[in-house]
Amino acid sequence: MTFRATILTLYPEMFPGHLALSLAGKALERGQWALDTVQIRDFAQDRHRTVDDTPAGGGAGMVLKPDILAKAIDNVSDGDNRPRLLMSPRGNPLTQEKVRELAAGGGVVIVCGRFEGVDQRVIDGRNLEEVSIGDYVLSGGEPAALTLLDAVVRILPGVMGNALSGTHESFENGLLEHPQYTRPQVFEGREIPAVLTSGNHAAIEKWRLEEAERLTRTRRPDLLAGKTHPVTK
Ligand code: ADE
């Protein structure tokens, strides 16, 4: 089963963006995943192809019209049970756990919001799951969709070969990743920690776990709160 991403956007030129390069791009060329875009504006009815209107109740900005977006969604996902996401700063925070869940499925349909938002009735009526990539506001959902897809595609089977297996990635075990080093042994007077060149694999594993826990405790204590890890101290 090929993972298929369909992006609904007013800016299809933003895709595949950086996903045409590097590992994701090679995987796209090899057909290990597929991407298609839908121009929301193609579903506008009027002469000016209007997609937005002023917010009910007044206020700044414009709101994406529900009828047009609903048509665009129905055109792609009729009889299709891929999850439908709406990139939005008020969505559920994207986590590695969510990324793994999406990567295990057949694909996603992603709506990229623009303007001040999307009419709530299309979010409710088309079961859109709002997803946020962080507590900051982008000018549109497109870079957020690219970020989500980057995270998903890199863990699809075969995309990174065996480069992922046996690694200690950040969040893999709920911890930030331990520091990494490579040659030279001394760089600007700073040495590689001796344990890493000791050849003692048990000691190396212990050091890495301790460092991962230390970094997580100091930088992201929220990741540790209420969780059980193989904590050493
Ligand atoms: N659109 C605008 N800001 C966003 C964010 N932080 N996450 C997802 N989509 C967005």
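Shown above is the structure to which this text applies.
Residues numbered from 1 in each chain as written. Predicted model: local features only at pLDDT ≥ 70, side-chain atom pairs only at ≥ 80, totals over all residues. Heavy atoms only, no water.

**Student:** Explain the pairing of strand β1 (residues 3-9) to me, and be specific about the residues and the numbers.
**Tutor:** The buried fraction of β1 is high, at 6 of 7 residues. Two strands pair when backbone bridges link them, and β1 and strand β2 (residues 33-39) are joined in this way by 7 bridges, in the parallel orientation. Opposite T9, over in β2, you have Q39 as the bridge partner. Handedness of the crossover joining β1 and β2 through helix α1 (residues 22-29) is recorded here as right-handed. (Buried < 20%, exposed > 50% of the residue type's maximum accessible area, 1.4 Å probe, protein only. Helix = DSSP H or I, 4+ residues; strand = E, 2+ residues; numbered from the N terminus. Pairing = 2+ DSSP bridges. Right-handed = clockwise from strand over helix to strand, strands pointing away.)

**Student:** Tell me what's going on with the site of the ligand, and back it up with residues and numbers.
**Tutor:** Near the ligand there are 13 residues, and of these S88, I133, G134, Y136 and L138 occur at the shortest range. One of the backbone N or O atoms of I133 is found 3.0 Å from a nitrogen atom in the ligand. One of the backbone N or O atoms of G134 is found 3.0 Å from a nitrogen atom in the ligand. Secondary structure elements with two or more residues in the shell around the ligand: β5 (84-93) and β8 (129-132). Ranked by residue count, the leading element in the shell around the ligand is β5, at 3 residues. A breakdown of the residues in the shell around the ligand according to their chemical character gives 8 nonpolar, 5 polar and no charged. (Near = heavy atom within 4 Å. Polar contact = N/O pair within 3.5 Å; in protein donor to acceptor, adjacent residues only side chain to side chain. Nonpolar A, V, L, I, M, F, W, Y, C, P; charged D, E, K, R; others polar.)

**Student:** How would you sum up the nonpolar core? Please name residues and give values.
**Tutor:** By size, the foremost hydrophobic cluster in this structure holds 28 residues, and its most contacted members are L148 and L149. Mapped by element, the contributors of at least two residues to this core are β1, α1, β5, α3 (96-103), β6 (107-112) and α5 (142-153). The element contributing the most residues to this core is α5, with 8 residues. Apart from the residues within four sequence positions on either side, L149 is in contact with F3, A5, I7, L19, L35, V108 and I110. Among the nonpolar cores identified, the runner-up in size contains 21 residues, and L10, I40, F43 and I73 belong to it. (Core = buried A, V, L, I, M, F, W, Y, C linked by side-chain atoms within 4.5 Å. Contact = heavy atoms within 4.5 Å.)

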